[in-house]
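So you can see what is in the structure, the chains are spelled out below.
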Amino acid sequence: MRNKYSLFSLIKNALSYHENWQRAWKDPAPKKEYDAVIVGGGGHGLATAYYLAKKHNMHNIAVVEKGWIGGGNTGRNTTIIRSNYLWDASAGLYDHALKIWEGLSQELNYNVMFSQRGVMNLAHNLQDVRDLKRRTHANRLNGIDAVYLSTEEVKKFCPIINTSPDIRYPVLGGTLQRRAGTARHDAVAWGYARGADAMGVDIIQNCEVKGIKRNGDSVEGIETTKGFIKTKKVGVVAAGHSSVIANMAGLRLPLESKPLQALVSEPVKPIIDTVVMSNAVHAYVSQSDKGELVIGAGTDDYVSYTQKGSHQIVEGTLNAILELYPIFSRMRMLRQWGGIVDICPDASPILSKTSIKGLYFNCGWGTGGFKATPGSGDLFAHTIANDEPHKLNAAFNLNRFVSGDLVDEHGAAAVAH
Amino acid sequence: MFLINCPYCGERDQQEFKAGGEAHIERPKQPTELSDDEWAEYLFMRKNIKGIQFERWNHAHGCRKWFNMVRDTSNDQIKAIYKMGEKPPSQ
């Protein structure tokens, strides 16, 4: 039985110096057989397991993770959540996630610190202005809140931005989604892990998948560093390593894995109370609850699994940050890191069945998967349980690269790729 | 960041180069006879290997010539560089 987190439990545990809190999830050895196995214990994978148990009554399932849960891109992103995507299919997908975010802390009984502080996207040239206005209209037709802001309104909403007309990339306007914001990334993984574990899901860490066993065109199980696990359904949610798993199954994916970098500054008093993204100059910034500036950069252009990235990418981002926010000129950076993002040719994800029966892939989220975590888990669970996609993720199938029916969000999505 | 030994200019900073993706993807000889599956394979599907990968690079801010590279994507070490049209070195 899982104890509920509450003010009462906080006081009760304070009396024993917080030394007797119940474990949030168990540390089981893998069973011989499961009804389904999720490969990858990041936010998306854990959410998938949570919704499989909660909505589809599948309790004999496991999540296998080669490292520790939430240690990959879930713990490496810049925690931005928004749903202001251009195309109808993307709007449906990302707004589905945003709606779940709005009630997630209550649902999980775990504070994911979801903060709807708004996300502003800046325009720096006339084409940006046209694109952002078009996207604002498209968002509103899809029921997603969006407003277009003039340069003066941008300045009013975030006074520290340099809106002088004589900078290299002047601010010509911007869009604002007020329902958008940030959440605590680790808490999302931990909350879903705790919730899934309470419903009987086995979360198996330090367990790397080494092979996928097939019988003809069906999945029979997975070889792992902790032995063979028999299962008829395998859902792969391995982000940057999706192609590595796909190669084990003899499957080809349209992905390229590239390093995406982020960095945080020393903590300072509240200075920026929203999220500002800038596609043209590849820089985005927000402030964490600890006070650090959280800064995201762009991807490198070559395939790499090193979780490092090139110095000049960070340099370019900081140049842009300093021009837009001269007030940050004396800030010191504390940490810099990279994550490996799997990018699709159309910059949209894949949540899909494959040509192999019982093998499902949830990948290709590229530079912006964190925001979709709850929706991705919910829809992928539906796809695995029913062996059919939900109507919201039907467009994000693997076959779109054959049919040509792409969901082309490159640039259109206001994402810094 | 790494140094790249351009086969025409010698060793230069990585910043001068542009990565051009997987190498040795052959352009279809009979495009009109290609099926949708074959088009998808040619246009979109990639090996995306963790380990030794063959790829194309361009000395964009230098001689602007294309060449091939063998690189280990798990640690970014460059194993070999050879000109366009040359046979890839055997592993």
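Nothing here was measured: the structure is a model prediction, and the numbers come from that model.

Participant: Explain the packing of helix α2 (residues 43-56) of chain A against helix α3 (residues 88-108) of chain A to me, please; I cannot follow it from the model alone.
Facilitator: In a pair of packed helices, the angle between the axes and the distance between the axes together describe the arrangement. All names here are of chain A. Packing of α2 against α3 brings their axes to within 15 Å, and their N-to-C directions diverge by 75°. With respect to their mutual orientation, α2 and α3 come out roughly perpendicular. When α2 is examined against α3, the residues Y50, Y51 and K54 are found in contact with a partner set consisting of I100, L104, E107 and L108. The class makeup of the residues in the contact of α2 with α3 is five nonpolar, no polar and two charged.

Participant: I would appreciate a short explanation of the environment of K213 of chain A in the present structure.
Facilitator: With respect to the helices and strands, K213 of chain A occurs in strand β10 (residues 209-215). C-alpha separation for the pair K213 of chain A and N3 of chain A, spaced 210 residues apart in sequence, amounts to 39 Å.

Participant: Explain the interface of chain A and chain B to me, please; I cannot follow it from the model alone.
Facilitator: A common way to report how large an interface is uses the accessible area buried once the components associate. On the side of chain B, 26 residues touch chain A, which itself brings 25 residues to the contact. Both faces combined, the contact of chain A with chain B buries some 2,200 Å², and carbon together with sulfur accounts for 50% of it. Our enumeration of links across chain A and chain B arrives at two salt bridges. Of the charged contacts in the structure, one is a salt bridge between D301 of chain A and K18 of chain B, with a shortest N-O distance of 3.3 Å. Our enumeration of links across chain A and chain B arrives at 14 residue pairs in polar contact (both at pLDDT 80 or more). Elements that contribute at least two residues to the side of chain A that touches chain B include exactly α7 (242-248), β14 (256-265), α8 (311-324) and α10 (400-403) of chain A. The greatest single-element share of the side of chain A that touches chain B, amounting to three residues, is contributed by α7 of chain A. When grouped by side-chain class, the residues that make up the side of chain A that touches chain B number eleven nonpolar, nine polar and five charged.

Participant: Please explain the pairing of strand β17 (residues 293-299) of chain A as it appears in this structure.
Facilitator: Along any regular strand the residues' side chains alternate between the sheet's two faces. Residue and element names in this part refer to chain A. The buried fraction of β17 amounts to seven of the seven residues, a majority that puts the element mostly inside the structure. Pairing of β14 with β17, which is carried by four bridges, proceeds in the antiparallel orientation. For L260, the partnering residue across the bridge sits in β17 and is T299. Between the end of strand β16 (residues 283-287) and the start of β17, which pair antiparallel, lie five residues, with G291 showing a positive phi angle near 105°.

Participant: Even after reading the chapter, I still don't get the environment of R168 of chain A, so can you show me in this structure?
Facilitator: Tracing the backbone shows R168 of chain A in the loop between α5 (151-157) and β7 (173-177). Spatially, the C-alpha atom of R168 of chain A lies 9.1 Å from that of A320 of chain A, the residues being 152 residues apart in sequence.

Participant: Which parts of the structure should I look at to understand a nonpolar patch on the surface?
Facilitator: Side chains of Y5, L7, L10, I11 and W21 of chain A sit close together on the surface and give an oily, nonpolar patch of about 490 Å² of accessible area. Following the sequence through the fold, I11 of chain A ends up in helix α1 (residues 7-15).

Participant: Help me understand α3 of chain A, please; the structure alone is not making it clear to me.
Facilitator: Along an α-helix, residues three or four positions apart point the same way, because every turn accommodates 3.6 residues. The terminal C-alpha atoms of α3 of chain A lie 29 Å apart, and with 21 residues this matches the ideal 30 Å at 1.5 Å per residue to within 8%. Within α3 of chain A, the axis deviates most sharply at E102 of chain A, by approximately 50°.

Cut-offs applied
Residues numbered from 1 in each chain as written. Chains lettered and ligands numbered in written order. Predicted model: local features only at pLDDT ≥ 70, side-chain atom pairs only at ≥ 80, totals over all residues. Heavy atoms only, no water. Axes fitted to C-alpha atoms, helices over the stretch in contact; angles between N-to-C directions. Helix = DSSP H or I, 4+ residues; strand = E, 2+ residues; numbered from the N terminus. Parallel < 35°, antiparallel > 145°, perpendicular 65-115°, else oblique. Contact = heavy atoms within 4.5 Å. Nonpolar A, V, L, I, M, F, W, Y, C, P; charged D, E, K, R; others polar. Buried area = accessible area lost by both parts, 1.4 Å probe. Salt bridge = Lys/Arg side-chain N within 4 Å of Asp/Glu carboxyl O. Polar contact = N/O pair within 3.5 Å; in protein donor to acceptor, adjacent residues only side chain to side chain. Buried < 20%, exposed > 50% of the residue type's maximum accessible area, 1.4 Å probe, protein only. Pairing = 2+ DSSP bridges. Patch = residues over 30% accessible without salt bridge, like charges linked within 9 Å, V, L, I, M, F, W, Y side chains within 5 Å. Areas by Shrake-Rupley, 256 points an atom, 1.4 Å probe, with all protein chains shown as cover. Expected span 1.5 Å × (residues − 1). Bend = angle between axes of the 7 residues up to and from the residue.

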